[in-house]
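Residue-level listing of the chains:
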Amino acid sequence: MDGDGERARGGRPVIGFLGPEGTFTHQGARLLHGTGADLRAAGSIPAVIAGVAEGRYDFGVVPIENTAEGIMTASLDGIVFRADPVLIMREASVRITFDAYVSAAGTPPTAIGSHPHGLAQCARYVSRTGLPVEHFPSTAAAVRAAAERPGLIAIGAPGLDEAYPVRVHDRAIEDHPGAYTRFVCLGLAGGPEPSPVDAAGLTWKTSVALTPGWSRPGVLAELCTQFADRGIDIVSLASRPLPGFAGKYVFVVTVDHDRRSADLARAIRSLMHQGIRVKHLGSYLSDHAVAGVDARRALVPPPGSLGLAHLDEITQVFPGPLDRYRPNRRGA
């Protein structure tokens, strides 16, 4: 996705991203907006989103999901729970691999540090070092600190030894090779539009936040049925606690349709007739369906998952007598 031709406010678009330079988000921002954009580092995900909402940035780039660590809750909550109409406008995936860096001074290591997600994705390596762990606002911030603090091993993206006076201590230290992080371009409803991109290999996605006004068995199934009955595939589903209401949740649903789809419009209207509040979070082109996909790889479920061949074993876990089971019919 190359946004070199993108323009806003009569000049280069201003793009806020989770900094400093050298973070994976910096890579995502360059992938989404190209070299023609004015990339400006922010200190946190909320700062990026606030900068978009307040008009200081034309667009903002934040991570939304990692294939190893899951949803980035700071990003998702910042989009879902803001009153400002901040929308997802585009999405791109960056392959994630980590190197370990140390100061050029050659001092024996005394600590290891990175962003919490980076540490989690390199947990085995971190554990093997046996060193105290330190958290940093970003992977690049950790590497920058290692340049100034002999003894600190910093985990960050490849190539940061070209940006900071550090040397590579170990390469490709991640637990799960082949992981990807999806990054989203955020903008304001009614604000500047990202430049057009070649849609070849990309697919449309639409994200909505659905808040039921009631709680009963099957509520999530009822939500999903509105999409399934119309041939709309749910590609992502997350639940977030509704602030101030214990036990109540907002369901963030992403489907494989453009917002202009007639079927999607029917599904949304049906949900609203059921008393569900709907917040549009964006309709955008994404490489989600193709990034990192290898059709030759068989699906590998989590260790300990059981199939029909293990029916006797699963019956010991769920021993309810089947002859006494009766479906819970509504109104019965």
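Rules behind the numbers
- Residues numbered from 1 in each chain as written.
- Predicted model: local features only at pLDDT ≥ 70, side-chain atom pairs only at ≥ 80, totals over all residues.
- Heavy atoms only, no water.
- Helix = DSSP H or I, 4+ residues; strand = E, 2+ residues; numbered from the N terminus.
- Buried < 20%, exposed > 50% of the residue type's maximum accessible area, 1.4 Å probe, protein only.
- Contact = heavy atoms within 4.5 Å.
- Core = buried A, V, L, I, M, F, W, Y, C linked by side-chain atoms within 4.5 Å.
- Salt bridge = Lys/Arg side-chain N within 4 Å of Asp/Glu carboxyl O.
- Pairing = 2+ DSSP bridges.
- Axes fitted to C-alpha atoms, helices over the stretch in contact; angles between N-to-C directions.

Trainee: Would you mind going over the overall build of the chain in detail, with residue names and values included?
Mentor: Counting its secondary structure elements, the chain contains nine helices and 15 strands. Taking the principal axes of the C-alpha coordinates as reference, the chain spans close to 75 × 60 × 45 Å. In the chain, which comprises 332 residues, the share counted as buried stands at 45%. Once local pairs closer than 6 in sequence are excluded, the contacts in the chain between residues at least 24 apart make up 75%.

Trainee: Outline the pairing of strand β9 (residues 152–156), supporting the account with residue identities and numerical values.
Mentor: Summarising burial for β9: five of the five residues are buried, a large majority. Residues L152, A154 and G156 line one face of β9 and the alternating positions I153 and I155 line the opposite face, and both faces are buried.

Trainee: Give a detailed account of the nonpolar core, specifying residues and quantitative values.
Mentor: Residues F24, V61, F98, I112, I155 and I173 are the most contacted members of the largest nonpolar core, which totals 27 residues. When contributions to this core are tallied by element, the ones reaching two or more residues are β1 (14–18), α1 (24–33), β3 (59–66), β5 (86–96), β6 (99–103), α5 (123–129), β9 and β11 (179–188). Per element, the largest residue contribution to this core is four residues, and it comes from β5. Excluding its chain neighbours within four sequence positions, the residues that come into contact with I173 are F98, D99, A100, C122, Y125 and I155. One finds A53, I64, V250 and Y284 within the second-largest nonpolar core, a separate group that totals 24 residues.

Trainee: Account for helix α6 (residues 139–148), naming residues and giving values.
Mentor: Since there are 3.6 residues in each turn of an α-helix, residues three or four apart along the chain are aligned in direction. Of all the ten residues making up α6, eight are buried; the element is thus mostly covered by neighbouring parts of the structure. Listed as buried for α6 are T139, A140, A141, A142, V143, A145, A146 and A147. Considering only its buried residues, α6 is in contact with α1, β6, β7 (111–114), β9 and β10 (166–170).

Trainee: Any details on the pattern of salt bridges? Residues and values, ideally.
Mentor: Inspection of every chain in the model, using the stated rule, returns twelve salt bridges. In this structure, E91 and R182 form a salt bridge, with 2.3 Å as the shortest nitrogen-oxygen distance. Residue E91 is found in strand β5, and its partner R182 is found in strand β11; the two are separated by 91 residues along the sequence. A residue is classified by how much of its surface remains accessible, and E91, at 1% relative accessible area, is buried. Each of E65, E91, R182 and K205 takes part in one network of salt bridges that share partners.

Trainee: Run through the sheet that holds strand β8 (residues 133–135), naming residues and quoting values.
Mentor: Judged by pairing direction, the sheet is mixed, and its five strands sit side by side in the order β8-β7-β9-β6-β10 without closing on themselves. Pairing within the sheet leaves two strands with one partner each, and these edge strands are β8 and β10. For this sheet the average axis-to-axis angle between neighbouring strands, irrespective of direction, equals 35°. Here β7 runs beside β9; their pairing, made up of three bridges, is parallel.

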